Amino acid sequence: MQDKNNLDLTCINTIRTLSMDAVQAANSGHPGAPMGLAPVAYCLWQQFLRFDPQDPIWPNRDRFILSNGHASMLLYSLLHLTGVKAVSKDYETLGEPSVPLEAIKRFRQMGSRCPGHPEYRWTSGVECTTGPLGNGVATSVGMAIAGRWMAAHFNQPGFEDLIDFNVYALMGDGCMMEGISAEAASLAGHLKLSNLCWIYDNNHITIEGHTALAFSDDVATRFIGHGWNVTRVGDANDLEMLARAFHTFQNTHDRPTLIIVDTHIGYGAPHKQDTSAAHGEPLGEEEIRLTKRNYGWPEDAKFYVPDGVYDHFRNGIGKRGKELREAWFARVAEYRAKYPELAERLYRMQHRQLPEGWDKDVPTFAPDAKGLATRDAAGKVLNAIARNVPWLLGGSADLAPSTKTRLTFDGAGDFDSDRYGGRNLHFGIREHAMAAVMNGMALVKVRAYGSTFFIFSDYARGALRLSALMELPAVYVFTHDSIGVGEDGPTHQPVEQLASLRAVPGLIVLRPADANEAAEAWKVIMKLHHEPAVLVLTRQAVPIIDRSKYAPASGVAQGAYILADAPDGKPDVLLLASGSEVVLCLAAHEQLKAEGIKTRVVSMPSWELFDDQPRQYRDRVLPPEVTARVSVEEASTFGWARYVGATGHSLGMRSFGASAPLKDLVKTFGFTPEHIVTAAKEQLVRSKGDPR
Ligand SMILES: Cc1ncc(C[n+]2csc(CCOP(=O)(O)OP(=O)(O)O)c2C)c(N)n1
Ligand SMILES: [Mg+2]
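Residues numbered from 1 in each chain as written. Chains lettered and ligands numbered in written order. Predicted model: local features only at pLDDT ≥ 70, side-chain atom pairs only at ≥ 80, totals over all residues. Heavy atoms only, no water.

Observations concerning the packing of helix α5 (residues 135-154) against helix α7 (residues 179-190)
Step number 1: For the pair α5 and α7, the least separation of the axes is 8 Å and the interaxial angle reads 20°. Looking at the two axes, α5 sits roughly parallel to α7. The two elements α5 and α7 cross, and the hand of that crossing is left-handed. For the pair α5 and α7, the contacting residues are N135, V137, A138, V141 and I145 in the first and I180, S181, A184, L187 and A188 in the second.
Step number 2: Partitioned by chemical class, the residues of the contact of α5 with α7 number eight nonpolar, two polar and no charged. (Axes fitted to C-alpha atoms, helices over the stretch in contact; angles between N-to-C directions. Helix = DSSP H or I, 4+ residues; strand = E, 2+ residues; numbered from the N terminus. Parallel < 35°, antiparallel > 145°, perpendicular 65-115°, else oblique. Left-handed = near helix turned anticlockwise from the far one by under 90°. Contact = heavy atoms within 4.5 Å. Nonpolar A, V, L, I, M, F, W, Y, C, P; charged D, E, K, R; others polar.)

So, the site of ligand 1
Step number 1: Taken together, 15 residues sit near ligand 1, with H70, G131, G174, N203 and H279 positioned nearest.
Step number 2: In this structure, H279 approaches ligand 1 through a side-chain N or O atom, which is 2.5 Å from an oxygen atom.
Step number 3: Contact with the protein chains covers 73% of the free accessible surface of ligand 1, which is 590 Å².
Step number 4: Among the elements of the structure, α6 (173-177) and β6 (205-206) are those that each provide at least two residues to the shell around ligand 1. (Near = heavy atom within 4 Å. Polar contact = N/O pair within 3.5 Å; in protein donor to acceptor, adjacent residues only side chain to side chain. Areas by Shrake-Rupley, 256 points an atom, 1.4 Å probe, with all protein chains shown as cover.)

Details of the packing of aromatic side chains
Step number 1: Taken as a whole and assessed by the stated rule, the structure comprises 26 aromatic pairs.
Step number 2: Look at F159 and Y339: their rings are 5.9 Å apart centre to centre, the planes differ by 85°, and that puts the pair in the edge-to-face class. Of this pair, F159 sits in the loop between α5 and β4 (167-171) while Y339 sits in the loop between α11 (309-338) and α12 (340-350), and the two are 180 residues apart along the sequence. Accessibility assignment for this pair places F159 and Y339 in one class, buried.
Step number 3: Between F456 and Y459, the ring centres sit 6.0 Å apart and the planes meet at 75°, which makes this aromatic pair edge-to-face. (Phe/Tyr/Trp six-rings, centres within 6.5 Å; stacked < 30°, edge-to-face > 60°. Buried < 20%, exposed > 50% of the residue type's maximum accessible area, 1.4 Å probe, protein only.)

Some words on the pattern of salt bridges
Step number 1: Across all of its chains, the model carries 41 salt bridges by this definition.
Step number 2: The partner of E590 in a salt bridge is K549, with the nearest N and O atoms 3.8 Å apart. Here K549 lies in the loop between β17 (541-544) and β18 (561-564) and E590 lies in helix α19 (residues 582-594), a separation of 41 residues in the sequence.
Step number 3: Relative accessible area serves as the criterion here: at 25%, E590 is assigned to the partly exposed category.
Step number 4: In this structure, E590 and K593 form a salt bridge, with 3.8 Å as the shortest nitrogen-oxygen distance. In this pair, E590 and K593 both sit in helix α19, three residues apart, roughly one turn of the helix.
Step number 5: Here the residues in one salt-bridge network are D481, R502, R511, E581 and E633, joined through shared partners. (Salt bridge = Lys/Arg side-chain N within 4 Å of Asp/Glu carboxyl O.)

Some thoughts on the sheet that holds strand β8 (residues 229-233)
Strand pairing in a sheet relies on backbone hydrogen bonds. The paired strands run either parallel or antiparallel.
Step number 1: Taken together, five strands build an open sheet; the order of strands is β1-β4-β5-β9-β8 and the sheet is parallel. Of all strands in the sheet, those bounded by a partner on one side alone are β1 (63-66) and β8. Strand-to-strand twist of the sheet, defined as the mean angle between neighbouring strand axes without regard to direction, takes the value 15°.
Step number 2: Across the sheet, helix α9 (residues 239-250) touches β4, β5 (196-202), β8 and β9 (257-262), and the angle it forms with β8 is around 170°. (Pairing = 2+ DSSP bridges.)

Some thoughts on the layout of surface pockets
Step number 1: Size it by volume and the largest pocket reaches roughly 530 Å³.
Step number 2: In terms of lining, the largest pocket is formed by 29 residues, of which the most central are V87, S88, R121, W122 and S124.
Step number 3: Taken together, the elements giving at least two residues each to the lining of the largest pocket come down to β2 (85-87) and β3 (93-97).
Step number 4: Ranked by residue count, the leading element in the lining of the largest pocket is β3, at three residues.
Step number 5: Among the residues forming the lining of the largest pocket, the class breakdown is 12 nonpolar, seven polar and 10 charged. (1 Å grid on protein atoms, 1.4 Å probe; cavity = no way out; pocket = protein on both sides within 12 Å on 5 of 7 lines; lining within 4 Å. Points joined across faces, edges and corners; volume = space filled by probe spheres on them.)

Comments concerning the sheet that holds strand β12 (residues 424-426)
Step number 1: Strand order in the open sheet formed by six strands is β12-β11-β13-β14-β16-β15, with parallel pairing between adjacent strands. Single-partner strands in this sheet number two, and they are β12 and β15 (508-510). The sheet shows a mean angle of 20° between the axes of neighbouring strands, direction not considered.
Step number 2: Relative to strand β16 (residues 533-536), strand β14 (residues 475-479) runs parallel, the two being bridged by four bridges. Paired with V475 across the bridge in β16 is A533.
Step number 3: Set on the sheet, helix α13 (residues 374-386) makes contact with β11 (392-396), β13 (447-453), β14 and β16; between it and β11 the angle comes to about 145°.

Section: the side chain of E517
Step number 1: Mapped onto the elements, E517 comes out in helix α18 (residues 515-526).
Step number 2: R547 is the oppositely charged side chain nearest to the buried, salt-bridge-free E517, at an N-O distance of 4.1 Å.
Step number 3: If we ignore the near neighbours within four places in the chain, the residues touching E517 are R511, P512, R547, A553, V556, Y561, S603 and P605. (Lys, Arg positive; Asp, Glu negative; His and termini not counted.)

Here's the deal with helix α3 (residues 72-81)
Step number 1: In terms of residue burial, α3 counts as a mostly covered element, since 10 of its 10 residues are buried.
Step number 2: Taken together, the buried positions of α3 are S72, M73, L74, L75, Y76, S77, L78, L79, H80 and L81.
Step number 3: In this structure, the buried residues of α3 make contact with α1 (7-26), α2 (32-48), β1, α4 (101-105), β4 and α11.
Step number 4: Just past α3, the residue G83 takes up positive phi, approximately 70°.

Quick look at the structure:
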């Protein structure tokens, strides 16, 4: 044990004991990692992190992510002890603390600012929601990418360091084992992100016991292989060695840095240190007493913050952060005078606003029976928007030629280690990391999109779910959206993906029917502030609907709209569809009309947007008294009962599809106007007893 009078150690032990006490009071949580990592986090925050607790959203602050989110009490202790202030949803700093001591005392209780795992947008100072292991470190790569892009875009002669923040992420064995961290590390090394530092809590313990049960990587060699700079700290309690490692990071300009720190889970607990028993349960009153005795702490004091601790943080990170932030805002004032346009951009971007005229080049598409794949239409629209929204950037997991997401206008360029100002990212075949990187970019307030085939949304899903949980406006472009993929067959034919993504709270799923709906969908997406969007697009051409004959595509904004109706507006049967199946319904509608049967076609590109409409609108589109209803979607029918009712009929997929030309697939699986006509007539018989 070091000198017990040492103020550094007192601060470190305050972090440890707050963590132990909070977990004990909650009777659940993870004390071990905070106890082991306290000196690491203390050293970083107190000496290096350029962060002002008074203004935790200052744009050029260093970012800190706790990727091992179960160690949340480590972060809450830091937020409390450094006096981080709460920020409102409108980006205003409020006077009150983000994490008062009462919140720590109510760790894991309803309404506490200290939930089980750190949640972005709930607790100010939490830069990223973490808990699903590996996602935090992968998200940090997106932040580092955004930092590099912003520097390339905004830094100007005389203002070379306007944007120069660093990104630090703490990770455990769990993060290290998860595949997503390998994807992300590989990408970060390739991109030479020297503004990125991962710190590995090498405690050799996970839930089941020693890591030797399942993990024998040579981590250092692995990261050297990824192109990282790797350094080691053999004793987490050695503040000098830690500081040296952080200096090494700061002085490394050509690669990201991994600091492997040997720590002891449950440090100082006589019976639990270095065991998995310290991982995820309270230490127990007696063990806590013995641990506190070990620390030279008052044994029975709970949630004890010794005199001088708050002051010490105020004089360290507090003072440094305040000076850095004030100096930065003074520089921004000069910058604004010299580069008003760029300064305005920076402001709008930080507030998730759009530039004037952002949608002025969005095309409208002339009717065309032969048609255009919605992926092609959406690609044109994306380009038209991106030209006028400089901070809209993204890319694909190696499928841009297929997803049509490449920005092709002059100056768009590629983002690579030589040109961080490029706007086309190449994520490589790393869908999960791609989604996490999009989240990281969105957290820094760059507008990010990523694309792949719809079927591989499954590979991105862990991070995609976090986009929704964090309320980030990330944009997922998923193409090849149905059995319409054809010959590639069941491995590439999405069936259950639509239903499963529609089940994610807060996620907006949009499946446009034609080129003009695709354009409207992008317009809706660009106006989202706090919702991620999934744009689901066809590989195959679909007719461009004649809007002089049918309703305008602007109805997309309502999620569902009446596209074609009975002449008197009083249909006997409703045909509901999204995407490429809408035109099948239009054909069926015309056929039924010729037979004197009154139908209405409702295009439903987005359930979520529709469900958000007032009841009056929803009842107008889907009149409750019309119970003869048919839905058509080349996907699982799961969920459609909500709109067709218990007595309606859903045409959909009940298998994984088949490898065959599209013309044969639609026959085999019944996606033809004739089949819809039959289903509609059956519905009429059921509801009225007679089809006429
Ligand atoms: C993706 C994911 N899988 C599983 C878990 C459940 N889990 C939480 S912590 C943990 C063990 C993590 O071990 P480590 O990162 O070494 O943490 P330590 O025990 O050292 O605190 C597991 C499996 C999780 N949170 N996320
Ligand atoms: Mg561990």
